[in-house]
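Spelled out from the first residue to the last, the chains are:
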Amino acid sequence: MQEQIDLGKGVLKGVSRSFYLTIRLLPRLMREPISLGYLLARASDTIADTEQVPAELREFCLGKFKPALTDKAIRAELVELISTSFVEYQTNEKEQLLLERLDDVFHWYDSVRGWAWDAIAVVLDHICRGQMNDIRHFAINHHPHLESAKDLETYCFQVAGSVGEFWSEVGYQSNHRFSRLERSELDEMGGDYGIGLQLVNILRDLPEDFHNGRCYLPVANAENKEEIMLAAAEWRAKAREYVESGFTYARSLRQKRAKVATVLPAMIALETLDLLDKADWDDLESGVKVTRKTVKSCLWRAIFFK
């Protein structure tokens, strides 16, 4: 139990940044599966993003990640590979600690069982598939950009929209009166909400991805910054539409803490999009991020959200 508390507070707080606040706001019964799912997803994301490691090995490890949840031999192989091939390259101490403690995170997963066990496995499968597809497309096959809007939205669903559906599952399993909406409608809105949040991340990180030789936006020429910025304006509008689903989703929830925790990322996302609307390429390179004052303002608005 103490180990789980340490992972859920110390390690999670270090790698989750603003999302840690969202988790703390959740009803108690939702907190553990969401925290554990986040740690596992963040570990797979760290593996995917360790570009000093050959792409083929990153893809291999991600392919082992979901099976490692239930197969102890595969788990031992994966933990050893991560320890010897990934940990040394982490410049972020918190992410390094997460990879060093990954075996403990897997042991935490062993303890939950039941519906949470299944729900985490489902969402992690989606996330790892999206991450593997990303590595194949950009790092192995060396495509400079995604080919279509459908490709972008599929990727966003895999790595983030699936989390919206996971959120619904955790909510309903924790409280059968979780939402006033039908489950199918809530799942759809949760998926759209997650897609919107991922689009915001992509739009904010355009220069970083550009310098790494990839563009998630479907453009004709991924080396043309002006074309990328024109496409970004269109996708910011789409991101707003997707994020708006988060407000409808949150409005349907019966528990106050769940409502506040759910709507807060949507409010921060819209504030970020407002900044992105005004930003040029140089601003994006410098980093566009809402201030702590804005986050506090969003929190107060979330508390009184109806």
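Each residue is numbered by its place in its chain's sequence as written, counting from 1. Confidence filtering applies because this is a predicted model: local features only for residues at pLDDT of at least 70, side-chain atom pairs given and counted only at 80 or more, and all residues used for totals across whole chains, interfaces and linings. The side-chain figures draw on all heavy atoms in the structure; neither hydrogens nor water molecules are used.

## Side note on the nonpolar core
Consideration 1: Counting residues in each nonpolar core, the largest one holds 102 residues, and the members touching the most others are Leu40, Phe65, Leu152, Phe178 and Leu217.
Consideration 2: A contact between two residues is defined here by any heavy atoms of the two lying within 4.5 Å. Not counting chain neighbours up to four residues away, the residues in contact with Leu40 comprise Phe65, Leu69, Val105, Phe106, Tyr109, Ile120 and Leu124. Residues enter a nonpolar core if they are buried and are Ala, Val, Leu, Ile, Met, Phe, Trp, Tyr or Cys, with the set joined through side-chain atoms within 4.5 Å. Only protein chains enter the accessibility calculation, which uses a 1.4 Å probe; a residue whose area is less than 20% of its type maximum is buried, one above 50% is exposed, and one in between is partly exposed.

## Quick look at unusual backbone geometry
Consideration 1: Residues other than glycine seldom take positive phi values, yet Arg113 does so here, at roughly 50°.
Consideration 2: Numbering goes from the N terminus for both helices and strands, where a helix is a DSSP run of H or I of at least four residues and a strand is a run of E of at least two. Inspection of the secondary structure puts Arg113 in the loop between α7 (102–112) and α8 (114–140).
Consideration 3: Phi is positive for His142, which is not a glycine, with a value near 60°.
Consideration 4: Along the chain, His142 turns up in the loop between α8 and α9 (149–174).
Consideration 5: Its relative accessible area of 60% is what places His142 among the exposed residues.

## Examining a negative patch on the surface
Consideration 1: Taken together, the side chains of Asp280, Asp282, Asp283 and Glu285 define an acidic patch exposed on the protein surface.
Consideration 2: Within the fold, Asp282 resides in helix α14 (residues 281–286). Residues with no salt bridge and a relative accessible area higher than 30% make up the patches, which join like charges within 9 Å and nonpolar side chains (Val, Leu, Ile, Met, Phe, Trp, Tyr) within 5 Å. Note on areas: Shrake-Rupley with a 1.4 Å probe; residue coverage comes only from the protein chains shown. In the sections that follow, a salt bridge refers to a side-chain nitrogen of Lys or Arg positioned within 4 Å of a carboxyl oxygen of Asp or Glu. In this tally Asp and Glu are treated as negative and Lys and Arg as positive; neither His nor the chain ends contributes. Here the site of a charge means NZ on Lys, CZ on Arg, CG on Asp, or CD on Glu.

## As for the packing of α9 against helix α10 (residues 183–204)
Consideration 1: With axes taken as lines fitted to C-alpha atoms, and helix axes fitted only over the stretch in contact, angles between N-to-C directions fall between 0 and 180 degrees. Between α9 and α10, the least distance of the axes is 6 Å, while the angle of their chain directions is 135°. One element, α9, and the other, α10, form an angle in the oblique class. Handedness of the α9/α10 crossing: right-handed.
Consideration 2: Note that Gly is not counted as nonpolar here; it falls among the polar residues with everything else outside the nonpolar set of Ala, Val, Leu, Ile, Met, Phe, Trp, Tyr, Cys and Pro and the charged set of Asp, Glu, Lys and Arg. Here the contact of α9 with α10 is built from residues that sort into 11 nonpolar, 7 polar and 5 charged. Comment on the angle field: the value is read as roughly parallel under 35 degrees, roughly antiparallel over 145, roughly perpendicular from 65 to 115, and oblique elsewhere. Less than a right angle of anticlockwise turn of the near helix away from the far helix marks a crossing as left-handed, whereas a clockwise turn marks it as right-handed.

## Looking at the state of the cysteines
Consideration 1: Pairs of cysteine sulfur atoms within 2.5 Å are identified as disulfides in what follows. The tally for this structure, following the rule as stated, stands at 0 disulfides.
Consideration 2: For Cys156, which is in no disulfide, the shortest distance to another cysteine sulfur is to Cys215 and amounts to 12 Å.
Consideration 3: Relative accessible area serves as the criterion here: at 0%, Cys156 is assigned to the buried category.

## Some details on the packing of helix α3 (residues 28–49) against α9
Consideration 1: At a minimum axis separation of 9 Å, α3 and α9 run at an interaxial angle of 145°. Considering how the two elements wind past one another, α3 and α9 form a crossing that is right-handed. Between α3 and α9, the contacting residues are Leu29, Met30, Pro33 and Ile34 on the first element and Phe166, Trp167, Val170, Gly171 and Ser174 on the second.
Consideration 2: Classifying every residue of the contact of α3 with α9 by side-chain character gives 7 nonpolar, 2 polar and no charged.

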